[in-house]
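Overview (structure and organization)
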Amino acid sequence: MCQVDEEYNGQLEHRGAPRVSKKCVKCKENTAVLIIRAGDAFCRGCFKDYFIHKFRAMLGKNRVIFPGEKVLLAVSGGPASISMLSQVQEGLSRDAPKKLRFVPGIIYIDDGGASGQSMEERKRAVAQLESVFRATNYHYHIVHLEQVSSLPSSVLEAGSSATEKPETGLSYKAAVDHFIQTRKNQNQHSDLSVENGQSHLSSLSMQEVQNEVTSPITPEHTQALQRLFASVRTLTAKEDLLHTLRQHLILHTARTQGYTKVMMGDSCSRLAIKLLSNISLGRGASLAMDTGFSDPRYGDVVIVRPMRDYSSKEIAYYNRMFDIPSVFIPGLDTKAQDKASIQRLTESFVTKLQTDFPSTVSTIYRTSEKLHTACPPQNTNTQLSAKCLLCVCALDTKLGDCIFHLNCNTLIT
Amino acid sequence: MPVLCSSCAEKRAVLKRPKTAHSLCKECFFWAFEEEVHQTIVSAQLFKHGETVGIGASGGKDSTVLAHVMKVLNERYNYGLKLLLLSVDEGITGYRDDSLETVKRNQQQYELPLKIVSYEELYGWTMDAIVKQVGLKNNCTFCGVFRRQALDRGAMMLKVDKICTGHNADDVAETVLMNVLRGDIARLRRCTAISTASEGEGVVPRCKPLKYAYEKEIVLYAYFKKLDYFSTECIYSPNAYRGHARTFLKDLEAVRPSAIMDVIHSGENLSVREGVKMPVQGTCGRCGYISSQALCKSCVLLEGLNRGLPRLGIGKHHRLHEKILSQQPLTQVEERKLKAVNF
């Protein structure tokens, strides 16, 4: 290795280092302005096409969004969810060929109470986001985390689908027809039970009028929330709790406002980190649902993740090149050390490994694709006891073996 | 105020258990550790009465503790097993020759018969020679594949019914994480099983009685029992990919000690979608060993080494199996790709 007259006899392939002065690999005319992955250099126009096409292809390949459906977009203000919002705008705009056809709504959950922000900071962040939302002209809902205390217990149950889930053998077209049929039936016959259910749910929660912030929260609510989070000792568990509460709030809003689908803005990198940290937390049984494209565990509301094919690098480049405004809002783990929580640790591990082995994130992503995504059968009568109360996934602990599995063969000394 | 043992509340506590953070005295800790291994063996029904069991002994802490605990439990609970020590000599100077001395001492201390098989006599190659050809990366593949076959051959020579290895909870958790990082779905499904499949010719089933024992507890047990073991790590290990998974796991344990068990639990509950291509078990065309391809991995690796094409076993090479089986020469391009990269 260190010999002076060592000869490299042509074994090492000479691979040209990717240079940006190359031509775009797609149109081969314009000069490339950025490089994605190992050697794909794109020019501006081709990159935009590539980005938009990926979004449409992701929605088109997994045909779960029916035309005319109400879809709730969960936006946190970060680059990925704002990018998703702009993609939806692109897709719905009039001049797009084969434009998407669904009715979007936006939800933002203000969790400043849990991360210890002051009211002024929270109001500022909300105002910034509101200006972004207003520019889109979609209905939006701003929900505060403090409203968790007034959620009904129906969020802990998987509802039966309002539209009966068609057999998997049916083609997409038939499923769409079925969907439109059931909606017409609901509107015509004004299905009393469904309406009653909806209004009942609405009256239980605090009144939400579309396009307005909910009634101002009192300091007592904020204190109650802070007490709840202070009672959880480790940051890992706090982040887990925050995630669960957010899911419940989104689910509740979707149910009361009549949304049947929720779009989350998780990018490929974020999902790889989530997969690894879920394995470390012991959530192997529900991995497929937590990181797959569609999450059908709630029955009537399906969660989809259309951004799961984008790495955070691509999203960052796109936002920068096309001036998509994103708002940074500090969360629970901002400025936390590497070892403060399992999620933080996993994030730093994956990003460091990615620099040495550039295929890490995509390999983890492909592993998650091969995992089982089928949801448990819908006969809730027999299966009620077999679902976890908080995350509504099938239980992976058996009562009989509880000493063996739960404590994993730890003797109680 | 001295801290009392939380189990017997009589003696002073001398250690804090890594798994549960209980403070325990020596005897209670020994009892807890041995009982847990006993529970693992009994509930997974690892052994039958009257079987001959080979203990894979390397002289390191895991196999020394395994040999000791197996001997203790065999007598205490009357398993009725006949125990032997089985050791593999990979030919790594400065590491394996020293640890083999430890195994020979173990043989006298535990009064168990010992058999040593070496790579030199089985394959004609030592690990040192292999590393000289292959380089510092990817040599763990050779060592691991050859060792597996060596253990099986040694077991067949001794006519044992089962082999047990000293894999601990940390090892299994690292393997789960490594398989996720490398995208190896087939191994991901199998790696958390406590014992391998037991049907087929020439296959000796293998089990891991220490699967739920933390590595730290094994070290504590060996230290307090003053067991004789060899504690240096393999000289080629710093460059292995497993090192990354290991560092991550150690950090996880520092944040939350139960994380190791949680990773194993997640691994056990992973389910793979139907329609994903899985390897099917068959036999090797050349040596008759079990294999999922036309040629078993060790035949491929050996062929590569003997022909001076060390990269033959690394990466995808299924198309070349037929060529090797029929002794055809490889083309220029293929040869060039398979030669070692000299640094």
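All values reported here derive from a predicted model rather than from experimental measurement.

1. Observations regarding the UniProt feature "binding site: ATP" (unreviewed entry) in chain B
Residue and element names in this part refer to chain B. Sites flagged by UniProt as "binding site: ATP" (unreviewed entry) map to Gly56, Ala57, Ser58, Asp62, Val88, Gly166 and Asp171. You can see aspartate 62 is positioned in helix H2 (residues 61–77). Given a relative accessible area of 16%, aspartate 62 falls into the buried group. With sequence-adjacent residues up to four places away left out, aspartate 62 is seen in contact with Gly166, Asn168, Asp171, Leu210 and Ile218. Inspection of the secondary structure assignment puts valine 88 in strand E4 (residues 82–89). In this structure valine 88 touches Ala57, Arg96, Val117, Tyr119, Arg147, Ala150 and Leu151, once residues within four positions along its chain are discounted.

2. Remarks on the pattern of salt bridges
Following the criterion strictly, the structure yields 41 salt bridges over all chains and no others. Its salt-bridge partner being A:Glu314, residue A:Lys54 comes within 3.4 Å of it at the nearest N-O pair. Here the residue A:Lys54 occupies a position in helix H1 (residues 44–61), and A:Glu314 occupies one in helix H11 (residues 312–321), the gap between them amounting to 260 residues. A:Lys54 gets classed as buried once you look at its relative accessible area, which sits at 14%. Connected through salt bridges with shared partners, the residues B:Lys61, B:Asp62, B:Asp170, B:Glu174, B:Glu215, B:Lys216, B:Arg242, B:Arg246, B:Lys250 and B:Glu253 form a single ionic network.

3. Overview of helix H11 (residues 259–268) of chain B
Most of H11(B) sits inside the fold, with 9 of its 10 residues counted as buried. Turning to H11(B), its buried residues are B:Ala259, B:Ile260, B:Met261, B:Asp262, B:Val263, B:Ile264, B:His265, B:Ser266 and B:Gly267. Packing partners of the buried residues in H11(B) comprise helix H9 (268–281) of chain A together with helix H7 (169–182) and helix H10 (242–255) of chain B.

4. Let's talk about the domain arrangement of chain B
Reports often express the size of an interface as the amount of accessible area lost when the parts come together. Residues and elements named next belong to chain B. Domain annotation of chain B identifies domain 1 (44–269) and domain 2 (282–338). Between domain 1 and domain 2, the contact holds 15 residues from the first and 14 residues from the second. Interface area for domain 1 against domain 2, summed over the two sides, is near 1,400 Å², with a carbon-plus-sulfur share of 68%. Across the contact surface, domain 1 and domain 2 share 0 salt bridges.

5. Side note on the interface of chain B and chain A
The partner chain A presents 43 residues to the 49 residues of chain B that form the contact. Taken over both partners, the interface formed by chain B and chain A buries close to 4,200 Å², and the fraction arising from carbon and sulfur atoms is 67%. Of all residues in chain B, B:Leu181, B:Phe248 and B:His265 bury the most surface against chain A, accounting for 14% of the area lost on that side. For the pair chain B and chain A, the number of links is 1 salt bridge. For B:Asp251, the salt bridge identified is with A:Lys339, shortest N-O distance 3.3 Å. Between the two partners, chain B and chain A, sit 3 residue pairs in polar contact (both at pLDDT 80 or more). Elements with a contribution of two residues or more to the side of chain B that touches chain A: helix H1 (26–44), H7, helix H8 (185–190), H10 and H11 of chain B. Classifying every residue of the side of chain B that touches chain A by side-chain character gives 22 nonpolar, 14 polar and 13 charged.

6. Notes on the packing of H1(B) against H2(B)
Residue and element names in this part refer to chain B. Following both chains from N to C, one finds H1 and H2 inclined at 75°, their axes separated by 10 Å at the closest point. On the basis of the axis angle, H1 is roughly perpendicular to H2. Contact residues: Phe33, Glu34, Glu35, Val37, His38 and Ile41 in H1; Val65, Val69, Met70, Val72, Leu73, Arg76 and Tyr77 in H2.

7. Some thoughts on the nonpolar core
Formed by 92 residues in total, the largest nonpolar core has its most connected members in A:Phe47, A:Phe133 and A:Met263. Beyond its immediate stretch of four places on either side in the chain, A:Met263 contacts A:Leu59, A:Ile65, A:Val71, A:Leu72, A:Leu73, A:Ala74, A:Met84, A:Val88, A:Phe102, A:Val304 and A:Pro306. One finds B:Ile41, B:Val69, B:Leu210 and B:Ala222 within the second-largest nonpolar core, a separate group that totals 39 residues.

8. Some points on the pairing of strand E4 (residues 102–110) of chain A
Residue and element names in this part refer to chain A. Buried residues dominate E4, accounting for 8 of its 9 residues. Of the pairings in the sheet, the one linking strand E3 (residues 69–74) to E4 comprises 6 bridges and is parallel in character. Residue pairing for E4: lysine 70 is matched across the bridge by valine 103. As judged from the 6 bridges shared by E4 and strand E5 (residues 139–144), these two strands associate in the parallel manner. Counted as the bridge partner of aspartate 110 is histidine 144 from E5.

9. Thoughts on the confidence of the model for chain A
Residue and element names in this part refer to chain A. In this model, chain A carries an average pLDDT of 77, and 75% of its residues clear a pLDDT of 70 or more. Contacts for the low-pLDDT stretch residues 5–11, under 50 throughout, to residues beyond four places or in other chains number 5 contacts. In the model, residues 162–169 has pLDDT below 50 throughout and makes 6 contacts with residues more than four positions away in sequence or in other chains.

10. Here we look at the sheet that holds strand E5 (residues 114–118) of chain B
Residue and element names in this part refer to chain B. One open sheet accounts for 5 strands, arranged E5-E4-E3-E6-E7; its pairing is parallel. In the strand order of this sheet, the two ends are held by E5 and strand E7 (206–207), each with one partner. Across 5 bridges, strand E3 (residues 52–56) lies against E4 in parallel orientation. Following the sheet pairing, isoleucine 55 is matched in E4 by leucine 85. On top of the sheet, helix H3 (residues 96–110) reaches E4 and E5; it is set at about 165° to E4, its chief contact. Sheet contacts for helix H6 (residues 139–158): E4, E5, strand E6 (162–164) and E7; angle to E4, the most-contacted strand, approximately 140°.

11. Some words on the packing of H7(B) against H10(B)
All names here are of chain B. The N-to-C vectors of H7 and H10 enclose an angle of 120°; their axes lie 9 Å apart at closest approach. In this structure, H7 crosses over H10, and the sense of that crossing is right-handed. For the pair H7 and H10, the contacting residues are Asp170, Asp171, Ala173, Glu174, Thr175, Leu177 and Met178 in the first and Arg242, Ala245, Arg246, Phe248, Leu249, Lys250 and Glu253 in the second. Taken together, the residues of the contact of H7 with H10 sort by class into 6 nonpolar, 1 polar and 7 charged.

12. As for the packing of aromatic side chains
Scanning all chains against the criterion turns up 19 aromatic pairs over all chains. Ring plane angle 50° and centroid distance 5.6 Å describe the contact between A:Phe133 and A:Tyr140, whose orientation is recorded as tilted. Residue A:Tyr140 is classed as buried on the basis of its relative accessible area of 4%. An aromatic cluster is built from A:Phe42, A:Phe47, A:Tyr50, A:Phe51, A:Tyr310, A:Tyr318 and A:Phe322, whose rings are joined through pairwise contacts. Here the basic side chain of B:Arg182 rests over the ring of B:Tyr241, its NZ or CZ set 4.4 Å away from the ring centre.

13. Re the side chain of B:Lys208
All names here are of chain B. Here lysine 208 is to be found in the loop between E7 and helix H9 (215–224). One buried charged side chain, lysine 208, makes no salt bridge at all; its nearest oppositely charged neighbour is aspartate 171, positioned 8.8 Å away. Not counting the four nearest positions on each side in its chain, lysine 208 is found in contact with Thr165, His167, Val172, Cys191, Ala193 and Ile194.

Rules and cut-offs
Residues numbered from 1 in each chain as written. Chains lettered and ligands numbered in written order. Predicted model: local features only at pLDDT ≥ 70, side-chain atom pairs only at ≥ 80, totals over all residues. Heavy atoms only, no water. UniProt positions renumbered as here; feature names shortened; annotations may be inferred. Helix = DSSP H or I, 4+ residues; strand = E, 2+ residues; numbered from the N terminus. Buried < 20%, exposed > 50% of the residue type's maximum accessible area, 1.4 Å probe, protein only. Contact = heavy atoms within 4.5 Å. Salt bridge = Lys/Arg side-chain N within 4 Å of Asp/Glu carboxyl O. Domains from an automatic or database assignment. Buried area = accessible area lost by both parts, 1.4 Å probe. Polar contact = N/O pair within 3.5 Å; in protein donor to acceptor, adjacent residues only side chain to side chain. Nonpolar A, V, L, I, M, F, W, Y, C, P; charged D, E, K, R; others polar. Axes fitted to C-alpha atoms, helices over the stretch in contact; angles between N-to-C directions. Parallel < 35°, antiparallel > 145°, perpendicular 65-115°, else oblique. Core = buried A, V, L, I, M, F, W, Y, C linked by side-chain atoms within 4.5 Å. Pairing = 2+ DSSP bridges. pLDDT = per-residue confidence, 0-100. Left-handed = near helix turned anticlockwise from the far one by under 90°. Phe/Tyr/Trp six-rings, centres within 6.5 Å; stacked < 30°, edge-to-face > 60°. Lys NZ or Arg CZ within 6 Å of the ring centre and 35° of its normal. Lys, Arg positive; Asp, Glu negative; His and termini not counted.

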